[in-house]
Amino acid sequence: MSANLQLDDVACPFCGLLCDDLRVAVAQDELTVVANGCPISTPAFASLAPNGPATPRVAGRAATLREAATAAAAILRQARQPLFAGLGTDVGGMRQALELADRCGAVLDHMNAESTLRNLLALQDEGLIATTLSEARNRADLMLIVGTDVVSRYPRFFERVVWNPETLFGLNGAKREVVYLGEVVNTAPGVAPDGRLPWVVSCAPSRLGELIGALRCVLADRPMDARGAGGVPMDTVKALADKLRRARYGVAVWTSADFSFPHAELVVQSLCELIKELNRETRFCGLPLAGNDGDVTANEVHVWQTGFPFRTSLGRGYPEYDPYHHCAARLLARGEADALVWISSYSDRRPPPPTDVPTVVLGRRGLELPREPEVFIPVATPGVDHAAHLFRADKAVVVRLGQLRESPLPSVAQALAAIEEAYS
């Protein structure tokens, strides 16, 4: 499989869109995207060239997988509160992580949990009328992009969802309207194929909640004695509310990773309420985007296995969800975790946080490390070195990704299974 060849319809595991139309050239284990690449996928596939030893290490010395698994199991056996974090893996890897965590009573937290929780906390409190990428592509006549340009994290979103030439129900995708709210960096992808510019309503991210609250007041015909909201003049607020009301199928798109300010979950909560308000008169849905570093996949598996999202402890023999006390950064900073298992199989730039506790790293070959961990096991990348399943950003579809090349590395699931066997 690693001979020189070109593969069509390759699915990309490096962002939540999971675009499945890439053409990838494979030559001597090096991967090059030759068609349908983007600023994320092209360098990500190129970075997968073998760039470090494929051998596990124990205390910095080369070891076999069995020796590394035995050393990792010894660390977990001695720990009173182990922490499984990072969790950048596929469905199979996350299932195995949960199984081992259950055996040793660990806490689980994902490297992207801080941004994921901004959506989860709002969802738990208020609920959300959500849609899917396919529904948005085929039905939406208005895209409301909130607090993000989308393309910095999902470069092909406009190509595949907004300006696509074909829809299922007769909608002319090229005629959609695009409105940006916030301090958006790159609005060029929002320009329609016929040259129409998007409407950009500039607003500081930390004041988005104020603006959205004013929109809700206007939509509900409640009196407002104000000249503006969130730095936006009241006439603009009213015009925007009217445009949202007149949409036949509007979609509000956001990426919670771009809401990096205190209490950002309240902005998401306001968005959820705005969407409910709009559905009194028209059809409007939310489309929160995520899925990078396998965060959607890991959380979906976590929920179906335990009934709870990230930041759950299995230490008492049953799941205990606590988004504050089971935060990985907090547990390490306060010395409440005494062993760390860090999993990062997609990126070589997502190392474990600096810590003095005994650390087991299951990471990509060449992963940048702040210090040599007690145990390092290089693992395969899902959808490249082995077949894998990943949840798409909208959680509606599980995509199967094929193997692109032969690899001597174990998958995360295989490495964790070896540790569990040694733990017994």
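Counting of residues starts from 1 at the beginning of each chain's written sequence and follows it residue by residue. Per-residue local features are limited, in this predicted model, to residues with pLDDT of at least 70; the limit for side-chain atom pairs, both in listing and counting, is 80 or more; totals at the level of whole chains, interfaces and linings are taken over all residues. As a rule here, side-chain values cover all heavy atoms of the structure and leave hydrogens and water aside.

Q: Just to check I follow, could you spell out the environment of Val-341 for this structure?
A: Elements are defined by DSSP. Helices are runs of H or I of four residues or more, strands are runs of E of two residues or more, and each kind is numbered from the N terminus. The topology assignment puts Val-341 in strand E17 (residues 339–344). Linking Val-341 and Pro-358, residues 17 residues apart in sequence, is a C-alpha distance of 8.7 Å. Sequence-distant contacts of Val-341, defined by excluding residues within four places in its chain, comprise Leu-76, Leu-83, Phe-84, Ala-85 and Val-360. Contacts between residues were defined by any pair of non-hydrogen atoms, one from each residue, lying within 4.5 Å.

Q: What am I meant to see in the packing of helix H2 (residues 65–78) against helix H12 (residues 412–423) here?
A: Helices that pack against each other are described as a pair by the angle of their axes relative to one another and the distance between those axes. Where H2 meets H12, the closest approach of the two axes is 8 Å, and the angle between their N-to-C directions is 60°. Comparing the axis directions of H2 and H12 gives the class oblique. Where H2 crosses over H12, the handedness of that crossing is right-handed. Judged by residue contacts, Leu-65, Ala-69, Thr-70, Ala-72, Ala-73, Leu-76 and Arg-77 of H2 engage Ala-418, Ile-419, Ala-422 and Tyr-423 from H12. Simply put, an axis is a line fit to the C-alpha atoms, just over the touching stretch for a helix, and the angle between two N-to-C directions goes from 0 to 180 degrees. Any angle that is under 35 degrees is reported as roughly parallel, and any over 145 degrees as roughly antiparallel; angles of 65 to 115 degrees are reported as roughly perpendicular and all others as oblique. Here is the rule for handedness: rotate from the far helix to the near one, and if that takes an anticlockwise turn smaller than a right angle the crossing is left-handed, while a clockwise turn gives right-handed.

Q: Any chance you could explain the side chain of Asn-119 here in plain terms?
A: Inspection of the secondary structure assignment puts Asn-119 in helix H4 (residues 113–126). Setting aside anything within four residues of it in sequence, one finds Asn-119 in contact with Trp-254, Ser-256, Val-268 and Pro-288.

Q: What is the right way to read empty space enclosed by the protein from this model?
A: Rolled over the atoms, a probe as big as a water molecule pinpoints where empty space is left. Here a cavity denotes grid points, spaced 1 Å and computed from the protein atoms alone, that fit a 1.4 Å probe unable to get out, and a pocket denotes an open set having protein on both sides within 12 Å along at least 5 of 7 lines; residues with an atom within 4 Å of a point are the lining. Grid points are joined across faces, edges and corners, and a volume is the space filled by probe spheres set on the points. Throughout the structure, instances matching the rule amount to 3 cavities of 30 Å³ or more. When residues are sorted by character, Ala, Val, Leu, Ile, Met, Phe, Trp, Tyr, Cys and Pro go into the nonpolar class, Asp, Glu, Lys and Arg into the charged class, and all the rest, Gly among them, into the polar class. Across the lining of the largest cavity, the residue classes break down as 6 nonpolar, 2 polar and 1 charged. Of the voids in this model, the second largest cavity is the one considered here, and its volume is about 50 Å³. What lines the second largest cavity is Cys-12, Cys-15, Cys-19, Leu-22, Asn-36, Cys-38, Ile-40, Ser-41 and Arg-156. Its residues placed into classes, the lining of the second largest cavity shows 6 nonpolar, 2 polar and 1 charged.

Q: In this structure, what is going on with the packing of H4 against helix H9 (residues 265–278)? I would like to understand it.
A: Between H4 and H9, whose axes approach to 8 Å, the crossing angle comes to 45°. With respect to their mutual orientation, H4 and H9 come out oblique. Handedness of the crossing formed by H4 with H9: right-handed. Side by side, H4 and H9 meet where Arg-118, Asn-119, Leu-121, Ala-122, Asp-125 and Glu-126 of the first sit next to Glu-265, Val-268, Gln-269, Cys-272, Glu-273 and Lys-276 of the second. Here the contact of H4 with H9 is built from residues that sort into 4 nonpolar, 2 polar and 6 charged.

Q: Please clarify how the layout of surface pockets should be interpreted in this entry.
A: Of the volumes computed, that of the largest pocket is approximately 380 Å³. If you go around the largest pocket, you meet 15 residues; those closest to its centre are Phe-14, Ile-40, Ala-44, Tyr-346 and Ser-347. Its residues assigned to classes, the lining of the largest pocket shows 7 nonpolar, 3 polar and 5 charged. Note that the domain bounds reflect an automated or database-derived domain assignment. Residues from two domains meet in the lining of the largest pocket; each of domain 1 (5–43) and domain 2 (53–111 + 293–423) gives at least three. What the second largest pocket holds in volume is close to 320 Å³.

Q: What is the right way to look at the sheet that holds strand E16 (residues 320–321) in this model?
A: Pairing between the strands of a sheet comes from backbone hydrogen bonds, and it takes one of two forms, parallel or antiparallel. One open sheet holds the 9 strands; their spatial order is E5-E4-E19-E18-E17-E6-E7-E15-E16, and the pairing between them is mixed. Since the sheet does not close on itself, it has two edges, and those belong to strand E5 (61–62) and E16, each with one partner. Should DSSP find at least two bridges between two strands, the strands are regarded as paired. Relative to strand E18 (residues 359–364), E17 is paired through 5 bridges, and the arrangement is parallel. Considered in E18, the bridge of Leu-340 is made with Thr-359.

Q: Even after reading the chapter, I still don't get the packing of aromatic side chains, so can you show me in this structure?
A: Between two aromatic rings, the relevant description is the distance of the centres plus the angle of the planes. What counts as a ring pair is set by centres within 6.5 Å for rings of Phe, Tyr and Trp (its six-membered ring), and what kind of pair is set by the plane angle: stacked under 30 degrees, edge-to-face over 60, tilted for all other angles. Scanning all chains against the criterion turns up 5 aromatic pairs. Aromatic pair Phe-157 and Phe-158: ring centres 5.6 Å apart, planes at 90°, arrangement edge-to-face. Accessibility classification places Phe-157 together with Phe-158 in one group, the buried group. Between Phe-259 and Phe-261 the ring centres are 6.1 Å apart and the planes differ by 40°, which places this aromatic pair in the tilted class. Phe-261 gets classed as buried once you look at its relative accessible area, which sits at 16%. Charges are assigned to positions over rings by a cutoff of 6 Å between ring centre and Lys NZ or Arg CZ, combined with an angular limit of 35 degrees from the ring normal. Just above the ring of Phe-169 sits the side chain of Arg-139; from NZ or CZ to the centre is 4.1 Å. Exposure classes here rest on a 1.4 Å probe applied to the protein chains alone. A residue is buried below 20% of its type maximum, exposed above 50%, and partly exposed in between.

Q: Got a minute to help me understand the pattern of salt bridges in this structure?
A: Two side chains of opposite charge can pair, provided their charged atoms sit close to one another. We define a salt bridge as a side-chain nitrogen of Lys or Arg found within 4 Å of a carboxyl oxygen belonging to Asp or Glu. Scanning all chains against the criterion turns up 30 salt bridges. We note a salt bridge from Arg-311 to Asp-109, for which the minimum N-O separation is 3.1 Å. On the criterion of sequence distance, the pair formed by Arg-311 in the loop between helix H10 (295–306) and strand E15 (312–313) and Asp-109 in strand E7 (residues 107–110) is long-range, its members being 202 residues apart. Taken as a pair, Arg-311 and Asp-109 share a single burial class, namely buried. Here Glu-177 ties to Lys-243 by a salt bridge, and the two come within 2.5 Å at their closest N and O atoms. On the criterion of sequence distance, the pair formed by Glu-177 in strand E9 (residues 177–181) and Lys-243 in helix H8 (residues 234–246) is long-range, its members being 66 residues apart. Using a relative accessible area of 34% as the deciding quantity, one classes Glu-177 as partly exposed. Taken together, the shared-partner salt bridges in this structure form one network comprising Asp-20, Asp-21, Arg-156, Glu-159 and Arg-160.

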